[in-house]
Amino acid sequence: MDHHARHAHHDGPHARPGGPPAPHAPDTPRAAGAEWSTAVRATLHCLTGCAVGEILGMVIGTALLWGNVPTMVLAIALAFVFGYSLTLFAVLRAGLSLKAAVKVALAADTVSIAVMELVDNGIIALTPGAMDAGLSDTLFWSALLGGFVVAFLVTTPVNKWMIGRGKGHAVVHAHH
């Protein structure tokens, strides 16, 4: 199916006079504000990448008996790497060049990942004993997973606000 056939719904009232239809005009979040379901999906997408990186970083740092700071730095770095990677691979599959795909991933995910990591790591750092707990300790996993839940709850309204202004994950939707 060609690009125009997939987006035939753009030939309506939002089409540009004398030119091609406006890209995703009916779906433009600025027109009606972002739906909560869209913000939830965007946040779950971000949470998936963040969780993979965060858990991997925490497991590696804890298993290697690193201190709290290097473990958190690794976990946060990997959360950004995995978070960006999910978007990067998706937009590369959509046909963007690597340079354009990197720009889209950075625009789409930076604020979402940063908020998620700030909240999640703040909870882990503020939970007494969580950073000193081992991989087999319930406290380690409950603080980590509980942090993800709170981070999701805090980040979803942030994503809704950004998508409603054509930013964040709204940037990715222009490339599907």
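How each quantity is defined
Throughout, a residue's number is its position along its own chain's written sequence, starting from 1. Reporting in this predicted model follows two pLDDT cut-offs: at least 70 for local features of residues, and 80 or more for side-chain atom pairs to be given and counted; totals over whole chains, interfaces and linings ignore these cut-offs and use all residues. Side-chain figures throughout are based on the complete set of non-hydrogen atoms in the structure, without hydrogens or water. Under the scheme used here, helices are H or I runs from DSSP no shorter than 4 residues and strands are E runs no shorter than 2 residues, and both carry numbers assigned from the N terminus. The buried label applies to any residue whose accessible area, calculated with a 1.4 Å probe on protein chains only, is under 20% of its type's maximum; exposed applies above 50%, and partly exposed to all values in between. Note on contacts: a residue pair qualifies if any of its non-hydrogen atoms lie within 4.5 Å across the two residues. Using a 1.4 Å probe, the Shrake-Rupley method yields the accessible areas, and only the shown protein chains count as cover for residues. The rule for a disulfide is simple: a pair of cysteine sulfur atoms within 2.5 Å. The axes used here are C-alpha line fits, helices contributing only the stretch in contact, and every angle between their N-to-C directions lies in the interval 0 to 180 degrees. Geometric relationships in this document are graded by angle, where less than 35 degrees denotes roughly parallel, more than 145 denotes roughly antiparallel, 65 to 115 denotes roughly perpendicular, and other angles denote oblique. Helix crossings are classified by the rotation of the near helix relative to the far one: an anticlockwise turn of less than a right angle makes the crossing left-handed, while a clockwise turn makes it right-handed.

Participant: Sorry if this is basic, but what is going on with the overall build of the protein chain here?
Facilitator: In terms of helices and strands, the protein chain carries 7 helices and 0 strands. In sequence order, the secondary structure elements of the protein chain are arranged as α-α-α-α-α-α-α. Of all 176 residues assigned to the protein chain, the portion counted as buried reaches 38%. Summarising the internal contacts of the protein chain: among those between residues at least 6 apart in sequence, 67% fall at separations of at least 24. Looking at the protein chain as shown, the accessible area adds up to about 9,400 Å², and 70% of this sits on carbon and sulfur atoms.

Participant: Please explain the state of the cysteines as it appears in this structure.
Facilitator: A complete count under the given rule lists 0 disulfides for this structure. We note that C46 lacks a disulfide partner, and the nearest cysteine sulfur, in C50, lies 3.9 Å from it. In this structure C46 comes out as buried when scored by relative accessible area, which is 2%. Residue classification places C50 among the buried residues on the basis of a relative accessible area of 0%.

Participant: Looking at this structure, how should I read the packing of helix α3 (residues 36–63) against helix α5 (residues 98–126)?
Facilitator: Axis angle and axis distance: for two packed helices, these are the angle between their axes and the distance between the axes, and together they describe the pair. At their nearest, the axes of α3 and α5 sit 10 Å apart, and the two run at 45° to each other. Judged by the angle between their axes, α3 and α5 are oblique. The hand of the α3/α5 crossing is right-handed. The segment α3 lies against α5, with T43, C46, L47, C50, E54 and M58 engaging S112, I113, M116, E117, D120, N121 and I124.

Any link to function would need more than the numbers given here.
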